[in-house]
Each structure stands twice: as C-alpha cells, then as structure tokens.
Amino acid sequence: MAKLALNKSSLARESAHLSEYKRFLPSLELKRLQIMAERAKAKETALRLDAEYERRFDEIAKSLPMLANEQVPVEGIVTLKSVKRGEQNLSGTRLPTLENIEVDVKSYSLLARPHWVDPAVNGLKELLKLNLEREVARERIEKLLEAEAVISRRVNLFEKVLIPQAQKNIKKIRMALADAERDAVVRAKISKRKTAARSAVKGMAEL
C-alpha cells in the first residue's frame, strides 16, 4: 500500500474519494432494500404455491379416487411439451420468470375412457403448472439471497473500511498541514526577530 502523502493534493484526492463513497452508499442501501423486499415477496409466493399445490393435490385425490384404478391407466397421459421462461432485471439482478408452458395430452377415445378422465387430465395439467411455478419461485429466492449477500459485502466495505479510512486519512493530512503551517509561522517569526536583531547590531556598529 502506497504511503499517504501529507500535502494539499493528497487532501483534495482523499476528500474527493470520501464524497464519492458517501454518494454511492445510499444507492447501494436502496438496492439492498429492494432486493430484501423482493426476497420477502418471493418467499411468500413460494409458500403460497406450496400450499396451493398440496391443496389441489389433495382435492384431486379425494374427488377422483378412481385414479387408483389400474384398469384405466392415466400415467403419461399428460406430459410437458415446452416451457417458456423469461427474465426480470431487478437492480442488476436477473431473476427467472415463467412466461408460458405447453403440455401434450395423449389422445384417448371418449368412449373408451370413463367420464372422470377429463377432470383428471385437467387436474394433472394444473399440478404440472403449479410445480413449475414452485421451482421458479425457489430459484428466485436463491438468486435474491446471493445478490443480497454480495450487496451487503459492498455496503460493509464502504461503511466499515473505505469511508472510515478516508476520514482517517483526511484528519491525518489536516493535522500535518496545520502543524506545518504553525511551524512556518514560528520560523517566520524567528527569522523576523533575527533580521531585526542583525539590523540593530549593524545600526549600533555604524554609530
């Protein structure tokens, strides 16, 4: 680390750094608050989706006990065809979003299948979508936690290292400059007295 120069140029440089740090810190704090608020929202969404998934699963299981009938297999009747994901930019943090999903429903004869197969298919499609939404919600929480940790480290760097160090440097430089100024005044007074003394001696010699 370079030695701190105790001069006016160094004072101006440290003062500029301090102003920049203090100007940048509020934006970091705001960014951290936005991330924390979004994380809380994402957590609520994840909990809601988990509860909704469990609720719908139980409802479907209770209303369609016939799903257990092995004579009418429904396994594989609904499959995921495609998933379209998007991205949300929140203060520089890229968060996943679920834009759209497409499912394939295996064709089946309405005459060969009992009446309850249709609501079962709809229920399976709903559960499939809910499960994907849960996955995205969990991914958002993970990314928000990572972003919050990074921003918190930056805030701590400014608050606990950069700003205090700049303030310490400024104080040290000002004290050194003040000491130098006092020394210069003292030297000037001494020089003035010596000059006056020499003039007095010279004047007496000329008498």
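Our structure is the block above this text.
Let me sum up the structure you'll find in this document. (Residues numbered from 1 in each chain as written. Predicted model: local features only at pLDDT ≥ 70, side-chain atom pairs only at ≥ 80, totals over all residues. Heavy atoms only, no water.)

### Concerning the overall build of the protein chain
So, step 1. Looking only at helices and strands, the protein chain features 2 helices and 2 strands.
So, step 2. Its helices and strands in sequence order give the protein chain the pattern α-β-β-α, from N to C terminus.
So, step 3. Here the protein chain, with 207 residues, has 25% of them falling under the buried criterion. (Helix = DSSP H or I, 4+ residues; strand = E, 2+ residues; numbered from the N terminus. Buried < 20%, exposed > 50% of the residue type's maximum accessible area, 1.4 Å probe, protein only.)

### A few points about the nonpolar core
So, step 1. One finds Ile35 and Leu144 to be the most contacted residues of the largest nonpolar core, which totals 26 residues.
So, step 2. Of all the secondary-structure elements, those providing two or more residues to this core are α1 (8-63) and α2 (117-206).
So, step 3. Setting aside chain neighbours within four positions, we find Leu144 in contact with Ile35, Glu38, Arg39, Ala42, Leu90 and Leu95. (Core = buried A, V, L, I, M, F, W, Y, C linked by side-chain atoms within 4.5 Å. Contact = heavy atoms within 4.5 Å.)

### Thoughts on the environment of Lys168
So, step 1. Tracing the backbone through its elements, the reader meets Lys168 in helix α2.
So, step 2. Residues Lys168 and Glu14, spaced 154 residues apart in sequence, show a C-alpha to C-alpha distance of 9.7 Å.

### Quick notes on unusual backbone geometry
So, step 1. Although it is not a glycine, Ser91 adopts a positive phi angle of roughly 50°.
So, step 2. Positionally, Ser91 belongs in the loop between β1 (78-90) and β2 (93-105).

### Comments concerning the pattern of salt bridges
So, step 1. This structure, assessed with the given rule, holds 13 salt bridges.
So, step 2. A salt bridge links Asp50 to Arg138; the shortest N-O distance between them is 3.7 Å. In this pair, Asp50 sits in helix α1 while Arg138 sits in helix α2, placing the two residues 88 residues apart along the sequence.
So, step 3. When the shortest N-O distance is used, the salt bridge between Arg55 and Glu59 registers 2.5 Å. With Arg55 and Glu59 both in helix α1, this residue pair falls 4 residues apart, about one helical turn.
So, step 4. By relative accessible area, which is 38% here, Arg55 ends up partly exposed.
So, step 5. For Glu59, a relative accessible area of 34% translates into the label partly exposed.
So, step 6. Each of Glu52, Arg55, Arg56, Glu59 and Glu126 takes part in salt bridges that share partners, so that together they form one network. (Salt bridge = Lys/Arg side-chain N within 4 Å of Asp/Glu carboxyl O.)

### Overview of the packing of aromatic side chains
So, step 1. As enumerated under the stated definition, the model contains 3 aromatic pairs in all.
So, step 2. Each ring, one from Tyr21 and one from Phe158, has its centre 5.7 Å from the other, and the planes form 80°; the classification is edge-to-face. Here Tyr21 is found in helix α1, whereas its partner Phe158 is found in helix α2, with 137 residues between them in sequence. Both residues of the pair, Tyr21 and Phe158, count as buried.
So, step 3. On the basis of an interplanar angle of 20° and a centroid distance of 6.4 Å, the ring pair of Tyr53 and Phe57 is categorised as stacked. With Tyr53 and Phe57 both in helix α1, this residue pair falls 4 residues apart, about one helical turn.
So, step 4. Tyr53 sits in the buried class, given a relative accessible area of 18%.
So, step 5. Judged by relative accessible area, which is 42%, Phe57 ranks as partly exposed. (Phe/Tyr/Trp six-rings, centres within 6.5 Å; stacked < 30°, edge-to-face > 60°.)

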